[in-house]
Amino acid sequence: MKRCQIDIRRNPKRLCKLEIKPLTPMGMISTFPEEICQQLLSYMPLSSLATLASTSKEMCSYITDLAMDSQLVIRPINSWIKLKQFAKIKGRFVEIGMLFRAITTLSDTTQKLSTIEIFLYELEETYHKICEDISLGFAYDCIGLFLYKFIADWDDEALVRTFELINKLSRLKERVDKVLVIPKHGTFKNFERDVRQFIQEIFLKKAVSPDQRSLWLSLVMEMYPEQQSRLLYLLYGPLLSNNGKCTGMIDWDMLTHCYGHTCPYSNLQELANIVSLMFSSKRFRWTDHTMIEFFNKLTRTPEPWCLENNAKLMYMLGHTMSVKLLQAKLLSEKSAEFSHIAYHLAQVLFKLLSTSLIMVFNDL
């Protein structure tokens, strides 16, 4: 078979019929009909759309219009919910955050917050499906991943405005009021779990740095200046377990009653870590007196703790803080209280040393 060739020398007029259109900022995509263009882009991964959006202002505007169409970004999630494909669902929310971050690079904070509000409104139906078919905590985790990618490099002022927006849209303060205003702790166990999961999954666990985590925590704590110790216990206190499985419900009695054994260190670890962060963070602007006063309130929440649990938390906060707490007892002339807590602190250290020695001898 002979190849079909065009000899330019024999057909010079052939070139005159070829019209070369100058490319627009949209590139070759501008040569396709609108319907075909949308269809092609709908098959692209969101991460690729985010990269494409950075090529020109016109392309960014075009992809922004597509991204605001909930069917394009959310549609695949609904099928994954039925199949319980958790990794794909989480990955999609991460990609959505990256896409929205790319298309709003040149936008001001007000426009970016408007984008968050529009997306959360469009997400409402899918959000309810995730809650019903998987869990409420998983739904919070997904929204937190979206925000984590979208607002990762924002400054403090923008983050504060983001918190205010989420607080307003979710009616967070009203929900926290319901569990803190009631004098009796544990009255609304499910609501307590809901508040804890929401604040942790949306804000605290997704913080990109300790400084950002302390910012989120300070904004939450500022809403309740008189009940900060109870709110911190609500967020980081030990959880109830049933047959070795965590229920997500807050155990308000574990630290107050010893029942012949004390609270395991693992159940105090998160609480100790966040208290250490609060004590060291400049965002809280706490003096030594303020820190000691907060520690004393915390170890009386909801009722006075077992002294050995008190001593364990003191030990986990480190040498410097332990010395300051013990000195405060002496200076306030609470010699009996000082002797009790010093005794239990010595017991804690002795048990740790004994355990270490046993492990060493077993390895010999």
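Remember, predicted model here, so these are calculated numbers, not experimental data. (Residues numbered from 1 in each chain as written. Predicted model: local features only at pLDDT ≥ 70, side-chain atom pairs only at ≥ 80, totals over all residues. Heavy atoms only, no water.)

Draft legend 1. Examining helix α9 (residues 156-170) more closely. For α9, spanning 15 residues, the distance from its first C-alpha to its last is 21 Å, which sits close to the expected 21 Å at 1.5 Å a residue. Among all positions of α9, only Ala 158, Leu 159, Thr 162, Phe 163, Leu 165, Ile 166, Asn 167 and Ser 170 are buried. Here the buried face of α9 lies against α6 (109-122), α8 (136-150), α10 (172-180), α11 (189-204) and α12 (210-222). Arg 171, located one to two residues past α9, shows a positive phi value of around 55°. (Helix = DSSP H or I, 4+ residues; strand = E, 2+ residues; numbered from the N terminus. Expected span 1.5 Å × (residues − 1). Buried < 20%, exposed > 50% of the residue type's maximum accessible area, 1.4 Å probe, protein only. Contact = heavy atoms within 4.5 Å.)

Draft legend 2. Examining the nonpolar core more closely. Ranked by internal contacts, the top residues of the largest apolar core, which has 102 residues, are Leu 99 and Leu 232. Those residues in contact with Leu 99 that sit more than four places away from it in its chain are Leu 46, Leu 49, Ala 50, Ile 63, Ala 67 and Val 73. (Core = buried A, V, L, I, M, F, W, Y, C linked by side-chain atoms within 4.5 Å.)

Draft legend 3. The confidence of the model for the protein, seen in detail. In this model, the protein carries an average pLDDT of 84, and 87% of its residues clear a pLDDT of 70 or more. Looking over the protein, one finds the lowest element-wise mean pLDDT in helix α18 (residues 335-363), namely 75, and the highest in α9, namely 95. A low-confidence stretch, residues 1-8 (pLDDT under 50), is modelled with three contacts involving residues beyond four sequence positions or located in other chains. (pLDDT = per-residue confidence, 0-100.)

Draft legend 4. Here's a closer look at the pairing of strand β1 (residues 239-242). Bridge count for β1 against strand β2 (residues 245-250) is three bridges, and the pairing is antiparallel. Looking at β2, one finds that Ser 241 is bridged to Cys 246. Linking β1 to β2, which pair antiparallel, is a turn of two residues; within it Asn 243 sits at a positive phi near 55°. (Pairing = 2+ DSSP bridges.)

Draft legend 5. Quick look at unusual backbone geometry. Omega for the peptide link from Thr 301 to Pro 302 comes to -5°, which places this bond in the cis form. Of note, Pro 302 is situated in the loop between α15 (288-298) and α16 (307-316). The phi torsion at Arg 171 lies on the positive side, around 55°, for a residue other than glycine. Tracing the sequence through the fold places Arg 171 in the loop between α9 and α10. Despite not being glycine, Arg 285 has its phi angle at roughly 50°, a positive value.

Draft legend 6. Structural view of the packing of aromatic side chains. Taken as a whole, this structure holds 16 aromatic pairs when the rule is applied. When the centroid spacing of 5.0 Å and the interplanar angle of 40° are considered together, the rings of Trp 286 and Phe 294 count as tilted. Connected via pairs of aromatic rings, a cluster forms that spans Phe 100, Phe 119, Phe 146, Phe 150 and Trp 154. The ring of Phe 188 has Lys 178 sitting right over it, with the charged end atom 5.0 Å from the ring centre. (Phe/Tyr/Trp six-rings, centres within 6.5 Å; stacked < 30°, edge-to-face > 60°. Lys NZ or Arg CZ within 6 Å of the ring centre and 35° of its normal.)

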